[in-house]
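If you want the building blocks of each chain, they are given just below.
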Amino acid sequence: MNTVGKAFALIVAVLLLYIFPIAHSFDKQDDISYLIALQSVTGFVDAARDKGYITPTMYNDLERRLAATGNTFRVEMEHLHKRYVPVYGDPADPRTFEHEFAVDYEGFYTHQIKAVLFPDNALAPGDPARRYTMNAGDFFRVSIVNTNKTNATVMRDFLSNGHTERGTIDIPYGGMVRNEDY
């Protein structure tokens, strides 16, 4: 019976002296990664909203800052372009115009935005043709999720005998485009 107590005490000592401090350290590392990613995304989105456009340099800087965390991320962008559509009683008859306009949003997403930023031709990164432009009143949103398992997630899964599927760093951020600076 004494050996069982000693074995239990040894297991508790190992947990308290090694495993939990390492897990805490990994959690702090995740917190720092989250803060760096949050700062990178908010800086990118706010700059795009203030300028009214995105350049390849701006997007590459975002990816470089996110890579500095040591994690891999899926970056999703969404641009909702505001359009005013005239309202007709009968859409086939222009004389039935009801003297009002409906607001409609046309969506552009990551693959469409990146096609403008990174075309197949050999344009220079500073070329205005590689600038993705937006208008004041449009909405721009970026959402990032880490695609790898962080050390803290691995440790938490080990301690709880679980399996985490979703990324631990998930940041959506966006808002209305405030300016058009071409």
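For the structure itself, look to the data block above.
From a predicted model like this one, the values you see are computed outputs, not experimental measurements.

Visitor: Looking at this structure, how should I read unusual backbone geometry?
Guide: The general pattern is negative phi for most residues beyond glycine and trans for most peptide bonds. Positive phi is not limited to glycine here, since H99 has a value of about 55°. Turning to its location among the elements, H99 is positioned in strand β3 (residues 97-109).

Visitor: Where do I start with the sheet that holds strand β5 (residues 139-146) in this structure?
Guide: Ordered in space as β3-β2-β5-β6, the four strands form an open sheet in which the pairing is antiparallel. The sheet is open, and its two edges are formed by β3 and β6 (170-176), each paired on a single side. The average angle at which neighbouring strand axes cross in this sheet is 15°, direction not considered. In the sheet, strand β2 (residues 73-88) pairs with β5 via eight bridges, with the strands oriented antiparallel. Within the sheet, the bridge partner assigned to E78 lies in β5 and is R141. The strands touched by helix α2 (residues 56-67) are β2 and β5; relative to β2, the strand with the most contacts, the crossing angle is about 145°. Across the sheet, helix α3 (residues 110-117) touches β2, β3 and β5, and the angle it forms with β3 is around 75°.

Visitor: Sorry, what's going on with the nonpolar core here?
Guide: The nonpolar side chains of a soluble globular protein tend to be buried with one another. Of all hydrophobic cores here, the largest spans 24 residues; its most connected members are F44, I54, V75, M77, F140, V142 and I144. When residues of this core are traced back to their parent elements, those giving at least two are α1 (2-51), β1 (53-54), α2, β2, α3 and β5. By residue number, the principal contributor to this core is α1, which donates five residues. Contacts of F140, omitting those with residues within four sequence positions, involve F44, V45, A48, I54, M77, E78, H79, I113, M134, G174, G175 and V177.

Visitor: When you look at the environment of I113 in this model, what are you seeing that I'm missing?
Guide: As for its placement among the helices and strands, I113 is situated in helix α3. As a C-alpha pair, I113 and N146 span 33 residues in sequence and 21 Å in three-dimensional space.

Visitor: Explanation requested: the pattern of salt bridges in the structure shown.
Guide: Going through the model one piece at a time under the given rule, you end up with seven salt bridges. The salt bridge involving D50 is made with R178; its shortest N-O contact spans 2.6 Å. Note that D50 is positioned in helix α1 and R178 in the segment after β6, a separation of 128 residues in sequence. On the basis of relative accessibility, which here comes to 36%, the residue D50 falls in the partly exposed class. Among the ionic pairs, R64 bridges to D61, the shortest N-O distance being 3.5 Å. Here D61 and R64 lie together in helix α2, a separation of three residues that amounts to about one turn. Connected through shared salt-bridge partners, R83, D104 and E106 make up one network.

Procedures and definitions
Residues numbered from 1 in each chain as written. Predicted model: local features only at pLDDT ≥ 70, side-chain atom pairs only at ≥ 80, totals over all residues. Heavy atoms only, no water. Helix = DSSP H or I, 4+ residues; strand = E, 2+ residues; numbered from the N terminus. Pairing = 2+ DSSP bridges. Axes fitted to C-alpha atoms, helices over the stretch in contact; angles between N-to-C directions. Contact = heavy atoms within 4.5 Å. Core = buried A, V, L, I, M, F, W, Y, C linked by side-chain atoms within 4.5 Å. Buried < 20%, exposed > 50% of the residue type's maximum accessible area, 1.4 Å probe, protein only. Salt bridge = Lys/Arg side-chain N within 4 Å of Asp/Glu carboxyl O.

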